[in-house]
Amino acid sequence: AKASGGNEVRFFEGEMQARVSARASMESRLRIAIENGDLVLHYQPQCRFADGKLVGAEALVRWQDGAHMIRPDQFIGLAEETGLIVPLGRWVIDSAVEQLARWQSSCVDTLRVSINLSPRQFLRHSVEMDVLAAIARHGVLASRVELEVTESVLFNPEGAALRMLNNLREAGCRVALDDFGTGYSSLSYLQSLDLDCLKIDKSFVANLAGPAGSHGARGSTAIVSAMIVLGRRLGYEVVAEGVETVEQFNWLKATGCELCQGYFFSRPLPAAEFESGFLTLRAGS
Ligand code: C2E
Ligand code: CA
Ligand code: CA
Ligand code: CA
């Protein structure tokens, strides 16, 4: 037993080492990718339930690693842990605002772009300046730029993130609360953060399609309709994310949700496809 215990320890050490070095090599590959500009943004439309008109686009980053495309779930966590999220985030902000400027001048001046910000971007670094600098550099209206944060941003020390978000709002930017309902804090944070938009997490929307009469389906219809009422009473625009089916679409529309995002309308698309397939056809005012 002792001998095999020793072998197990060695096995785990070996395993750990392999994991540590895989992580280190991923980190240096990501660092190089950021420097080389091997990142791309895809854009997913946000449309009004009422008339299907396009209102905005969420920018979602992908890592173009040679022939294959790496999804953000595979590298955002690592970027956050290593601090690479700061240069990565800066690139995302500048590219998304630059794209918005192009679309505004060529197609739709009412279009908005939504940019995801990690809590880590608010630490020891002024993400506020990055956003304002991009807006000034590309000459867009601040009101067309929306920043998506999760409630975890509020655990930021000394409320620095809250202050930056309030400053950005005062400058005219919109702030959206992402993944609403999935965090661990109570609703009291809704009193300390001024928002423009609330995004209902896709896990709730997915359950709307549960077997009729099942607990999952009943639970999520109750939860989602309460979220919509709460958001609207607070004066926020409410977005449902992860809308995939016509049943989900119809139910959310009837329940008073304003904006729809999900595969029902479109997957996130490369800029050129978003432009040809969406922007020129469905733009609203
Ligand atoms: P998120 O902000 O909650 O983004 C929504 C995710 O849901 C996206 O995954 C999108 O492709 C996916 N999605 C959209 N519609 C549907 C649908 O109808 N059904 C299903 N099942 N999924 C749908 P994606 O692009 O893989 O991004 C994953 C996460 O990575 C994002 O979740 C966000 O937290 C993070 N992320 C993406 N881009 C950035 C970025 O530029 N900066 C930061 N900090 N995080 C980012
Ligand atoms: Ca988001
Ligand atoms: Ca989300
Ligand atoms: Ca998410």
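Here, every reference points to the structure presented above.
Parameters at a glance
Residues numbered from 1 in each chain as written. Chains lettered and ligands numbered in written order. Predicted model: local features only at pLDDT ≥ 70, side-chain atom pairs only at ≥ 80, totals over all residues. Heavy atoms only, no water. Phe/Tyr/Trp six-rings, centres within 6.5 Å; stacked < 30°, edge-to-face > 60°. Helix = DSSP H or I, 4+ residues; strand = E, 2+ residues; numbered from the N terminus. Buried < 20%, exposed > 50% of the residue type's maximum accessible area, 1.4 Å probe, protein only. Lys NZ or Arg CZ within 6 Å of the ring centre and 35° of its normal. Polar contact = N/O pair within 3.5 Å; in protein donor to acceptor, adjacent residues only side chain to side chain. Axes fitted to C-alpha atoms, helices over the stretch in contact; angles between N-to-C directions. Parallel < 35°, antiparallel > 145°, perpendicular 65-115°, else oblique. Left-handed = near helix turned anticlockwise from the far one by under 90°. Contact = heavy atoms within 4.5 Å. Nonpolar A, V, L, I, M, F, W, Y, C, P; charged D, E, K, R; others polar. Donors = N, O, S within 2.8 Å, 3.2 Å for Na, K, Ca; no water.

**Here's the deal with the packing of aromatic side chains**
What describes a pair of aromatic rings is the distance from one ring centre to the other and the angle between the planes of the rings.
So, point 1. In this structure the tally under the stated criterion is 9 aromatic pairs.
So, point 2. Plain terms: the ring middles of W63 and F75 are 5.7 Å apart, the flat faces sit at 90° to each other, and that makes the pair edge-to-face. In this pair, W63 sits in strand β2 (residues 54-65) while F75 sits in the loop between β3 (68-70) and α2 (76-82), placing the two residues 12 residues apart along the sequence. We note that W63, like F75, is buried.
So, point 3. Judged by centre distance (5.9 Å) and plane angle (85°), the rings of F249 and F265 are edge-to-face. Here F265 lies in the loop between β9 (259-260) and β10 (269-270) and F249 lies in helix α8 (residues 246-255), a separation of 16 residues in the sequence.
So, point 4. Through successive ring pairs, a cluster of aromatic residues spans Y43, W103, F274 and F278.
So, point 5. Above the ring of Y263, the side-chain terminus of R267 is found at 4.1 Å from the ring centroid.

**Quick word on the side chain of Q248**
So, point 1. Mapping Q248 onto the fold places it in helix α8.
So, point 2. Take Q248: its relative accessible area is 5%, and that puts it in the buried class.
So, point 3. In this structure the side chain of Q248 is engaged in a polar contact, spanning 3.2 Å, whose partner is the backbone oxygen of V205.

**Thoughts on the packing of helix α3 (residues 85-106) against helix α4 (residues 127-138)**
Axis angle and axis distance: for two packed helices, these are the angle between their axes and the distance between the axes, and together they describe the pair.
So, point 1. Between α3 and α4, whose axes approach to 9 Å, the crossing angle comes to 25°. In terms of orientation, α3 and α4 fall into the roughly parallel class. Of the two possible hands of crossing, α3 and α4 adopt the one that is right-handed. For the pair formed by α3 and α4, the contact residues are R90, I93, D94, V97, E98 and A101 on the first element and V127, D130, V131, A134, I135, R137 and H138 on the second.
So, point 2. Per-class residue counts for the contact of α3 with α4 are 7 nonpolar, 1 polar and 5 charged.

**Considerations on the coordination of the calcium ion (ligand 2)**
So, point 1. Every protein donor of the calcium ion (ligand 2) is accounted for by E58 (OE), N116 (OD1), E148 (OE) and D178 (OD), and the metal-donor separations fall at 2.2 to 2.3 Å.
So, point 2. When the donor residues of the calcium ion (ligand 2) are listed from N- to C-terminus, their spacing reads E-x57-N-x31-E-x29-D.
So, point 3. The distance between the calcium ion (ligand 2) and the calcium ion (ligand 3) is 3.9 Å, with D178 acting as a donor to both metals. Taken together, the residues E58 in strand β2 and E148 in strand β5 (residues 145-149) connect sequence positions 90 residues apart.
So, point 4. Accessibility expressed as a relative area gives 5% for E58, which makes it buried.
So, point 5. For E148, a relative accessible area of 1% translates into the label buried.

So far we have only geometry, and geometry alone does not tell us how the molecule works.
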